[in-house]
Amino acid sequence: MASEVNTGFLLDKRLDSIATDILRPVGISKGFLVWMGFLLVSLSGCIYAYYIQWDKGLIVTGLRDYVSWGMYIANFIFFVATSLVGMLISSVLGLMGFKWVKPIARIAEIIAVAFAAVAGLVIVSDMGRPERLPYVFMYGRIQSPILWDVTVVTTYLVLSTLLYFIPLIPDLAISKGRMGHTPKWLQSTYEVLSVNWSHTPQQYKILLKSVRILLIVIIPTAFAIHTVTSWLLAVTLRPGWDSSIFGPYFLTGAFVAGSAAVVIMMYFVRTNYKLDKYLTLYHFDMMGKLLVLVSLVYLYFNINEFLVPAFKLKTADAIHLKELFVGEYASMFWSVQLLGLIFPIILLLFKFFRKPLPMFIISVVVLIAAWFKRYLIVVPTQQNPFLPKQYVPDAWMVYQPTVIETAITMGTILLAVIIITVLFKLFPVIPIWEMAEEQCENDHKSQE
Amino acid sequence: MIKKYLFLVLIVLISFHLSAQEWVVPAEEGVKLSPFAFNDSTRKVGADLYNTNCKSCHGDPGKNNVINLVPPPPDVASVKMQTNSDGALHFKLVQGRAPMPSFKNILSSTDIWRVISFVRSFNDKYVQVIDTKKGMAGTAASNVKIQVAWVKEQNQVQMVISGMKENKIQPVSGAEVKLFAKRYFGNLLIDEARNTDAQGKALFNFPKDLPGDSAGFVQLIAKLSDEAAYGEAKADTTLAIGVPTYRPPLNEQRAMWNVVQKTPIWLLLAYTFTVLVVWGFIFYVLLQIRAIYKAGLRKDHETTD
């Protein structure tokens, strides 16, 4: 992001056409209402499932003494992981000066906000006594990684929200006069949220400075959030978790999941909102290359994570790895590794597969695999404790998620989709002012 | 061959089974009786002794809340417990059988009878028979006094015992005496059992390395072995003759496993510092939104002016 903004674009007539394009899908359409209705009805079923859990306790889940984390914590790790992409796209690539991330940055930030916000709720879903949540703040111990996790997730959520909101302010001001087709309340929301923006150079200066601070501060925060999440597991001695590379292993895995989520959203915006002028084949091509890059790094950590313990084969590790490679979880494990990592890397090396539709399909597979990958990290380890399992009912020996548990997990995913839908529909998904400014700049360059 | 093995296994199993069931009490021990009558005062002392020494395993009498051990400790009110004769109870308490500890060095014979008097209070059908032949304790000497002193030069503990005999206070000679040091769990025998000399004196070698409390104090218990002859003579003395030992409790210092008030300093600083810095930036940015708002106001003024 440049340190100065040439506000010349405001007078340019191209701003008009860009704003018209990007604002066209904004507002309450019939499709939106149908889609939201569908989401809300499904969600209410999931909320009913949660009501049952609230009433009866965790006994309605498959969680017992041995597997006490199960699907919920796997889901939590998935949510935190996916949300990290906001930092990757806006901060890392943005600060390095990659211009192509500009139209994508806001999409990535929306994913970050939605997934980080729901991640906190996912943790609550794993609590048998959720009304005791305030105890974390009343009696929490600074020594516990769980408290660090609560701290960083909250911080990351606030930073991501600011990083979504602040660059949106000029767009809100630009949109104000051009929203005839939208309801009154939405227009007044824009009025309030645009905090008196009047495109003065001074305001742009403040804005650029603030965004820059956020972009820098969010990098260590994002590293912290997922590293600390990995520590929740890695600070124990359990096979499969007792690993010194768990932090980077989680972090790189997060970039894979997040990039796939961004591609899915990009495809949706491009086709449904007819914004192919802004999310071009070039952008998909670049995202494809990015996905290959982060997947390769993740593959490297996977090899480390499995090869080193498999070489030493300590007793507990041997049991754990056998479960994964040839045992109960073998089919899930190999599907995840092949479909979620190896095949995408190979396919995306070819230009054909970096086109929007193939990319979309690959990304959906990658994202689903990413969810199951977290399941494979959490569950098999807990099923093989160090002490022999004895004197417990047979049902405790293996973990089998129940329908209620699955419904609650689905509910959290629906909730994230709802947040994304609302933000997509009510506010411009592509930064208008940045697009206009870039076009003006390009013109200047070609004139010189 | 196989038959032979099977036979062996069977024998082992049967004997194991027997030993797990039967706790054999020698005939002469089984018929022993208490030298005194059980009454409210013996039951009261017995109840206190029970609560400190037995309750942790045997639970509350009649409630069947014994702890989970193999073999299980029977409830005091149970048939299993109450079918024991008085002598058998006495024997089992003195002897112990893992995991049931021996109380030989912990409770005096009289105290054991007091516990038994408490145990019997949960049996309505119990009728006590007193050992009349022996009568009350203290036949050889009465009013026995034990004095314990430290003989520094020889690193020895000295015991001097006197008692009333033939209406005169005299040294008790030729009696077996034992010295114990009180430890966390039970009493530790110091040196070995000795007999008092003509002056009623006995000397015990005291180890140089016995840990005492933080000031080196060790609680000593001196006892005469023959309770029937001398009564329940016993002296508790505390002397500063141990090695001063201070073992801080694990939760005394700042540590990762401690409560939040005892967080390690480095962690407290690192956490607080990081949170303050990051949230400092967040608040700064929030103020910038206000600045944007203010700047917009000024612009409005300029245009209207």
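Keep in mind that what you see is a predicted model, and the values were worked out from it rather than measured. Counting from 1, residues in each chain are numbered in the order their sequence is written. Chains and ligands are labelled sequentially in the order written, the chains with letters from A and the ligands with numbers from 1. Per-residue local features of the predicted model are confined to residues with pLDDT of at least 70, and side-chain atom pairs are confined, for both listing and counting, to 80 or more; whole-chain, interface and lining totals are unaffected and use all residues. Hydrogens and waters are ignored; side-chain quantities use all the structure's heavy atoms.

Caption draft 1: Spotlight on the overall build of chain B. Secondary structure summary: chain B contains nine helices and eight strands in total. The cut-offs for exposure are 20% and 50% of the maximum accessible area for each residue type, with area from a 1.4 Å probe on protein chains only; residues under the lower value are buried, those over the upper are exposed, and the others partly exposed. Here chain B holds 305 residues, and the buried ones make up 33% of them. Counting only contacts in chain B whose residues sit at least 6 apart along the sequence, the fraction spanning at least 24 positions is 57%. Segments assigned H or I by DSSP are reported as helices when at least four residues long, segments assigned E as strands when at least two residues long, and all are numbered from the N terminus. Throughout, a residue-residue contact means that at least one pair of heavy atoms, one from each residue, lies within 4.5 Å.

Caption draft 2: Spotlight on the overall build of chain A. A tally of helices and strands in chain A yields 17 helices and zero strands. The principal-axis extent of the C-alpha atoms belonging to chain A is close to 75 × 45 × 40 Å. The buried share among the 448 residues of chain A stands at 56%. In chain A, of all internal contacts separated by at least 6 residues, the share reaching a separation of at least 24 is 84%. The Shrake-Rupley method, run with a 1.4 Å probe, gives the accessible areas here. Residue values count only the displayed protein chains as cover. A total accessible area of about 19400 Å² is found for chain A, and carbon and sulfur atoms account for 70% of it. Of note, chain A has its 34 positive side-chain charges centred 3 Å away from the centre of its 27 negative side-chain charges. Only four residue types enter the charge count, namely Lys and Arg as positive and Asp and Glu as negative; His and the chain termini do not. Working definition for charges: the position is that of NZ of Lys, CZ of Arg, CG of Asp or CD of Glu.

Caption draft 3: Expanded view of the packing of aromatic side chains. Residues and elements named next belong to chain A. Whether two aromatic rings pair depends on their centres lying within 6.5 Å, for rings of Phe, Tyr and Trp, where Trp uses its six-membered ring; planes under 30 degrees apart make the pair stacked, over 60 edge-to-face, and the rest tilted. On inspection of all chains with the given rule, the structure shows 36 aromatic pairs over all chains. Ring pairing ties together the aromatic residues Phe 246, Tyr 249, Phe 250 and Tyr 298, which thus form one cluster. Over the ring of Trp 241 we find Arg 238; its NZ or CZ atom is 5.6 Å from the centre of that ring. The cationic tip of Lys 389 hangs over the ring face of Tyr 66; the distance from NZ or CZ to the ring centre is 5.4 Å. We call a charge positioned over a ring when the NZ of a Lys or the CZ of an Arg lies within 6 Å of the ring centre and within 35 degrees of the ring normal.

Caption draft 4: Spotlight on the domain arrangement of chain B. Note that the domain bounds reflect an automated or database-derived domain assignment. The domains assigned to chain B are domain 1 (15-120), domain 2 (141-239) and domain 3 (260-304). Domain 1 of chain B and domain 3 of chain B are separated by 70 Å when their C-alpha centres are compared.

Caption draft 5: Spatial organisation of the interface of chain B and chain A. Between chain B and chain A, the residue contacts involve 31 residues of the former and 28 residues of the latter. Both faces considered, chain B and chain A share a buried interface measuring about 2500 Å² in area, 73% of it formed by carbon and sulfur atoms. Accessible surface is computed with a 1.4 Å probe, and the buried area is the amount of it that two parts give up when combined, taken over both parts together. Among the residues chain B hides against chain A, the three largest losses belong to Tyr 271, Val 285 and Ile 292 of chain B. Together they make up 24% of the total. The salt bridge criterion pairs a side-chain nitrogen of Lys or Arg with a carboxyl oxygen of Asp or Glu, the two atoms within 4 Å. On inspection of chain B and its partner chain A, the count reaches zero salt bridges.

Caption draft 6: The arrangement of helix H3 (residues 40-53) of chain B in detail. All names here are of chain B. Helix length check: H3 (14 residues) gives 20 Å between terminal C-alpha atoms against 20 Å at 1.5 Å per residue, within 8%. Packing partners of the buried residues in H3 comprise helix H4 (55-58) and helix H7 (109-120). Whenever two N or O atoms come within 3.5 Å, that pair is a polar contact, provided that in protein one can donate a hydrogen and the other can accept it, and provided that, for residues adjacent in sequence, both atoms are side-chain atoms. For H3, the N-terminal capping position is held by Asn 39, with its side-chain oxygen 3.1 Å away from the main-chain nitrogen of Ser 41. One less than the number of residues in a helix, times 1.5 Å, gives the span that helix is expected to have.

Caption draft 7: Local environment of empty space enclosed by the protein. Residue and element names in this part refer to chain A. Definitions used for this entry: grid spacing 1 Å over protein atoms alone; cavity, a set of points where a 1.4 Å probe fits but cannot get out; pocket, an open set with protein on both sides within 12 Å along at least 5 of 7 lines; lining residue, one with an atom within 4 Å of a point. Grid points are joined across faces, edges and corners, and a volume is the space filled by probe spheres set on the points. Scanning the model with the defined rule gives two cavities of 30 Å³ or more in all. Listed by contribution, the elements that provide at least two residues to the lining of the largest cavity are helix H11 (246-272), helix H14 (330-348) and helix H15 (356-383). By residue number, the principal contributor to the lining of the largest cavity is H15, which donates five residues. Quantified by volume, the second largest cavity comes out at close to 30 Å³. Gly 62, Arg 64, Val 67, Ala 395, Trp 396, Val 398 and Tyr 399 together form the lining of the second largest cavity. Within the lining of the second largest cavity, the residues separate by chemical class into five nonpolar, one polar and one charged. Any residue that is not Ala, Val, Leu, Ile, Met, Phe, Trp, Tyr, Cys, Pro, Asp, Glu, Lys or Arg is counted as polar, Gly included; the first ten are nonpolar and the last four charged.

Caption draft 8: Structural view of the side chain of Arg 106 of chain A. Residue and element names in this part refer to chain A. Here Arg 106 lies in helix H5 (residues 102-125). On the basis of relative accessible area, Arg 106 is assigned to the buried category, the value being 4%. At a separation of 3.0 Å, a polar atom in the side chain of Arg 106 contacts the side chain of Asp 171.

Caption draft 9: View of the environment of Gln 156 of chain B. Residues and elements named next belong to chain B. Looking at the secondary structure, you find Gln 156 in strand S2 (residues 156-165). A residue is classified by how much of its surface remains accessible, and Gln 156, at 13% relative accessible area, is buried. The sequence separation of Gln 156 and Asn 205 amounts to 49 residues, and the corresponding C-alpha distance is 4.7 Å. Those residues in contact with Gln 156 that lie beyond four places of it in its chain are Ala 149, Trp 150, Val 151, Leu 203, Phe 204, Asn 205 and Phe 206. A polar atom in the side chain of Gln 156 sits 2.7 Å from the side chain of Asn 205.

Caption draft 10: Representation of unusual backbone geometry in the model. Pro 71 of chain B follows Val 70 of chain B through a cis peptide bond whose omega is -10 degrees. Cis peptide bonds are those with omega within 30 degrees of zero, and the linkage from Ala 98 of chain B to Pro 99 of chain B qualifies with 5 degrees. Inspection of the secondary structure puts Pro 99 of chain B in the loop between helix H6 (86-95) and H7. A positive phi angle, close to 30 degrees, is found at Val 195 of chain A, a residue other than glycine. Within the element layout of this structure, Val 195 of chain A appears in the loop between helix H9 (184-193) and helix H10 (201-234). For Val 195 of chain A, a relative accessible area of 14% puts it in the buried group. A positive phi angle is found at Asp 191 of chain B, which is not glycine, with a value near 55 degrees. The exposure class assigned to Asp 191 of chain B is partly exposed, which follows from its relative accessible area of 28%.

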